[in-house]
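The chain contents come next:
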Amino acid sequence: MALSREIGVLRRMIACYALVLFSVFVGLLALPLEGPSYAVRQFLSAKETLIPDSVPIVALGPVAPFVAPIMMALLIALLITFPFGLWFIFRFLRPALRSGERRTLTHTIVPSLILFYSGCATAYFFIIPRTFSILYSFAEPMGVAPFFALDEFISSVFFLTISVGIAFLLPVVMVVSSRLGFIPQGFWLRHWRGAVFSAIFFSAIVTPDGSGVTMAFLSVPLIVLYGIGAVVIVRRA
């Protein structure tokens, strides 16, 4: 009986978050009523900000121009509604936690927001534009005309922004797992070599190119964040 009640609560919270996400998503696609929508405007801004001026974006099929603003609206909607997602998760877990565990989760809400949005900003304003600039710099010496497929551009921006934002939550995951007793506090410092390898491996998986440029841009901050999390855990022991 208790399990079915908890499942019902979880279902309602997921439905509430989905409604918030969908409302923001539709608003980004439909508004303003005159002129380009907010999603289209953000796409035009991303095109000017993230890729070199000499690289045109090409639609390789009739579906790509239709999907592009949808993906951009979904990305912005996920960024806007991330605090609501955290709040719904905390509300669902709160009844099952003791007072000390509740305080631990409460104290991680603001750091989680800061780290997530810092990761998204790092990806959008640093990792993505520098990666595209470095990779396309090899086109001119080879005498080839560079271009960027529209669907690849949107998917790269979407996946990298969200994945780096989530990856920047690493210190929060470390602190919470140790404070709640899931992982011993000395585990993180003892296994720093494995953490370095895991950061490089994760960066190689989520980055879209095989050159290693994006991997290097992402793995270094992840290693630094791991070190910060390990130090925080030891100092609070």
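Worth saying up front: this structure is predicted, and the values here are computed from it rather than measured.

Caption draft 1: View of the overall build of the chain. The helix and strand tally for the chain stands at 10 helices and 2 strands. Going from the N terminus to the C terminus, the chain shows its helices and strands as α-α-β-α-α-α-β-α-α-α-α-α. Projecting the C-alpha coordinates of the chain onto the three principal axes gives extents of approximately 60 × 45 × 25 Å. Taking all 237 residues of the chain together, the buried fraction comes to 36%. Sequence separation of at least 24 residues holds for 79% of the intrachain contacts in the chain that already meet a minimum separation of 6. Counting every atom, the chain has about 13,700 Å² of accessible surface; 71% of that belongs to carbon and sulfur.

Caption draft 2: Region of interest: the packing of aromatic side chains. Tallied over the entire structure, the rule returns 15 aromatic pairs. Considering the side-chain rings of Tyr136 and Phe148, the 5.8 Å spacing of their centres and the 55 degrees angle between planes classify their relative orientation as tilted. Here Phe148 lies in strand E2 (residues 148-149) and Tyr136 lies in helix H4 (residues 99-136), a separation of 12 residues in the sequence. When the centroid spacing of 6.1 Å and the interplanar angle of 70 degrees are considered together, the rings of Trp188 and Tyr226 count as edge-to-face. With Trp188 in helix H8 (residues 187-190) and Tyr226 in helix H10 (residues 213-235), this pair connects stretches of sequence that are 38 residues apart. For Trp188, a relative accessible area of 9% translates into the label buried. Taken together, the aromatic side chains of Phe43, Phe132, Tyr136, Phe148 and Phe153 make up a single cluster linked through ring pairs.

Caption draft 3: Layout of the nonpolar core. Core analysis: the largest hydrophobic core is formed by 48 residues, its most contacted members being Leu50, Met72, Phe132, Phe153, Ile154 and Val164. What Ile154 contacts, discounting residues up to four positions off in sequence, is Phe43, Ala68, Met71 and Met72. Of all hydrophobic cores here, the second largest spans 7 residues; its members include Val175, Trp188, Ala195 and Ile233.

Caption draft 4: Spatial organisation of a nonpolar patch on the surface. Residues Leu31, Leu33 and Tyr38 make up a contiguous nonpolar surface patch of roughly 340 Å² in combined accessible area. In this structure, Tyr38 sits in helix H2 (residues 38-50).

Caption draft 5: Representation of the side chain of Thr81 in the model. Structurally, Thr81 is set in helix H3 (residues 64-93). Accessibility expressed as a relative area gives 0% for Thr81, which makes it buried. Here the side chain of Thr81 touches Tyr17 through a polar contact of 3.0 Å, side chain to side chain.

Each value, and the rule that gives it
- Note that residues are indexed from 1 along each chain, following the sequence as it is written.
- Under the rules for a predicted model, residues below a pLDDT of 70 receive no local features and side-chain atom pairs below 80 are neither given nor counted, while totals for whole chains, interfaces and linings still include all residues.
- In computing side-chain values, all of the structure's heavy atoms are included and hydrogens and water are not.
- Numbering goes from the N terminus for both helices and strands, where a helix is a DSSP run of H or I of at least four residues and a strand is a run of E of at least two.
- Burial classes follow relative accessibility: with a 1.4 Å probe on protein chains only, a residue under 20% of its type's maximum area counts as buried, one over 50% as exposed, and anything between as partly exposed.
- Contacts are assigned to residue pairs that have any heavy atoms within 4.5 Å of one another.
- Residue exposure ignores everything except the shown protein chains as possible cover, and the areas themselves are Shrake-Rupley values with a 1.4 Å probe.
- Pairing of aromatic rings covers Phe, Tyr and Trp, the last through its six-membered ring, and needs centres within 6.5 Å; plane angles under 30 degrees mean stacked, over 60 mean edge-to-face, and all others mean tilted.
- Take the buried Ala, Val, Leu, Ile, Met, Phe, Trp, Tyr and Cys residues and link them wherever side-chain atoms come within 4.5 Å; each set so joined is a nonpolar core.
- Residues enter patches when they are more than 30% accessible in relative terms and free of salt bridges; like-charged ones are connected within 9 Å and nonpolar ones (Val, Leu, Ile, Met, Phe, Trp, Tyr) within 5 Å.
- Any Lys or Arg side-chain nitrogen found within 4 Å of a carboxyl oxygen on Asp or Glu counts as a salt bridge.
- Under the rule applied, a polar contact is a pair of N or O atoms within 3.5 Å (in protein, one hydrogen donor and one hydrogen acceptor; residues adjacent in sequence only if both atoms are side-chain atoms).

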